[in-house]
Amino acid sequence: MELPEFIKKFPALDIPFPDDVVTSHAIRSDAGLVVFFDFVKDMVLPPHSHLAQWGTVLSGEIEFTIAGETRTLGPGAIYDIPSGAEHGAVIKAGTKVIDVFEEPDRYPVRTR
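Procedures and definitions
- The written sequence of each chain sets the order in which its residues are numbered from 1.
- With the structure being a predicted model, the display of local features is reserved for residues of pLDDT at least 70 and the display and counting of side-chain atom pairs for 80 or more, all residues being used for whole-chain, interface and lining totals.
- Note that the side-chain values use all heavy atoms of the structure and ignore hydrogens as well as water.
- Secondary structure elements follow DSSP: runs of H or I of four or more residues count as helices, runs of E of two or more count as strands, with numbering from the N terminus.
- In this description the radius of gyration comes from C-alpha coordinates, and the expected globular size is given by 2.2 Å times residues to the power 0.38.
- When checking whether two residues touch, look at their non-hydrogen atoms; a contact exists if any pair is within 4.5 Å.
- The Shrake-Rupley method, run with a 1.4 Å probe, gives the accessible areas here. Residue values count only the displayed protein chains as cover.
- Asp and Glu are treated as the negative residues and Lys and Arg as the positive ones, with His and the ends of the chain left uncounted.
- Throughout, a charge is located at the NZ atom of Lys, the CZ atom of Arg, the CG atom of Asp or the CD atom of Glu.
- Under the pairing criterion, centres of Phe, Tyr and Trp rings, with the six-membered ring standing for Trp, must be within 6.5 Å; the plane angle then separates stacked pairs below 30 degrees from edge-to-face pairs above 60, leaving the rest tilted.
- With a 1.4 Å probe rolled over the protein chains alone, any residue whose accessible area is under 20% of its type maximum counts as buried; one over 50% counts as exposed, and the rest are partly exposed.
- For this document, the term salt bridge refers to a Lys or Arg side-chain nitrogen within 4 Å of an Asp or Glu carboxyl oxygen.
- Strand pairing is defined by DSSP finding a minimum of two bridges between the two strands.
- Angular values range over 0 to 180 degrees, each being the angle between N-to-C directions of two axes fitted as lines to C-alpha atoms, with helices fitted over their stretch in contact.
- Patch membership requires over 30% relative accessible area and the absence of a salt bridge. Like charges are linked within 9 Å, and nonpolar side chains (Val, Leu, Ile, Met, Phe, Trp, Tyr) within 5 Å.

Chemist: Lay out the overall build of the protein in plain terms, naming residues and giving numbers.
Modeler: Secondary structure summary: the protein contains 1 helix and 9 strands in total. Listing the helices and strands of the protein from first to last along the sequence gives α-β-β-β-β-β-β-β-β-β. Computed over its C-alpha atoms, the radius of gyration of the protein comes to 13 Å, within 12% of the 13 Å expected for a compact globule of 112 residues. Counting only C-alpha atoms and orienting by the principal axes, one finds that the protein spans roughly 35 × 30 × 25 Å. Of the contacts made within the protein by residues no fewer than 6 positions apart, 61% connect residues no fewer than 24 positions apart. Total accessible area on the protein is roughly 6000 Å²; 57% of this is exposed by carbon and sulfur atoms. For the protein, the distance from the average site of its 10 positive side-chain charges to the average site of its 17 negative ones is 6 Å.

Chemist: Got a sec to walk through the packing of aromatic side chains? Specific residues and values, please.
Modeler: Summed over all chains, the structure comprises 5 aromatic pairs. Aromatic pair phenylalanine 64 and tyrosine 79: ring centres 4.7 Å apart, planes at 55 degrees, arrangement tilted. Here the residue phenylalanine 64 occupies a position in strand S5 (residues 62-66), and tyrosine 79 occupies one in strand S7 (residues 78-81), the gap between them amounting to 15 residues. A single burial state applies to phenylalanine 64 and to tyrosine 79, both of which are buried. For the ring pair phenylalanine 101 and tyrosine 107, a centre distance of 5.8 Å and an interplane angle of 85 degrees mean the geometry is edge-to-face. Note on phenylalanine 101: relative accessible area 3%, which makes it buried.

Chemist: How would you sum up the pattern of salt bridges? Please name residues and give values.
Modeler: Side chains that differ in charge, positive against negative, can pair when their charged atoms come close. Counted by the stated rule, this structure contains 8 salt bridges. Put simply, lysine 8 and glutamate 2 hold a salt bridge, and the shortest N to O gap is 2.9 Å. Here glutamate 2 falls in the exposed class, since its relative accessible area comes to 57%. Note that lysine 96 and aspartate 38 form a salt bridge whose closest N and O atoms lie 3.4 Å from each other. With lysine 96 in strand S9 (residues 96-101) and aspartate 38 in strand S2 (residues 32-39), the pair connects residues that are 58 residues apart, well separated along the chain. Judged by its relative accessible area of 17%, aspartate 38 is buried.

Chemist: Go over the sheet that holds S5, please, and point to the residues and values.
Modeler: The strand order S3-S8-S5-S6 describes an open sheet built from 4 strands, whose pairing is antiparallel. Single-partner strands in this sheet number two, and they are strand S3 (43-48) and strand S6 (69-73). Ignoring which end each strand starts from, the neighbouring axes of this sheet average 15 degrees apart. Direction of pairing for S5 relative to S6: antiparallel, over a ladder of 5 bridges. Looking at S6, one finds that phenylalanine 64 is bridged to arginine 71.

Chemist: A description of a nonpolar patch on the surface should follow, citing residues and the corresponding values.
Modeler: A surface patch of nonpolar side chains, about 240 Å² in accessible area, is lined by Trp54, Ile78 and Val100. Residue position: valine 100 is located in strand S9. We classify valine 100 as partly exposed; its relative accessible area is 30%.

Next comes the structure, spelled out in structure tokens:
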């Protein structure tokens, strides 16, 4: 599945992963951050925590560990990560997700 062209025009984020691994397209407001992530290569997201996050898998597969519970998520799956819960993931190439972060500045919008 491809993201629509108008979504691909949303600004990218300055995330700690290279564009050849994952791309991002974001909408930011004072209330939160909505991000369309497209994983180009397999990726391991190390365990970490932050304020609340909600997301849905559009395509592909994620093995998500949230607060010590591991489950495999595919298209249509929804995940809800409470504020402060440690989480990490193994994400397969071709996976696309929509993540919504409580923190509007979780990742800065790329200016370059």
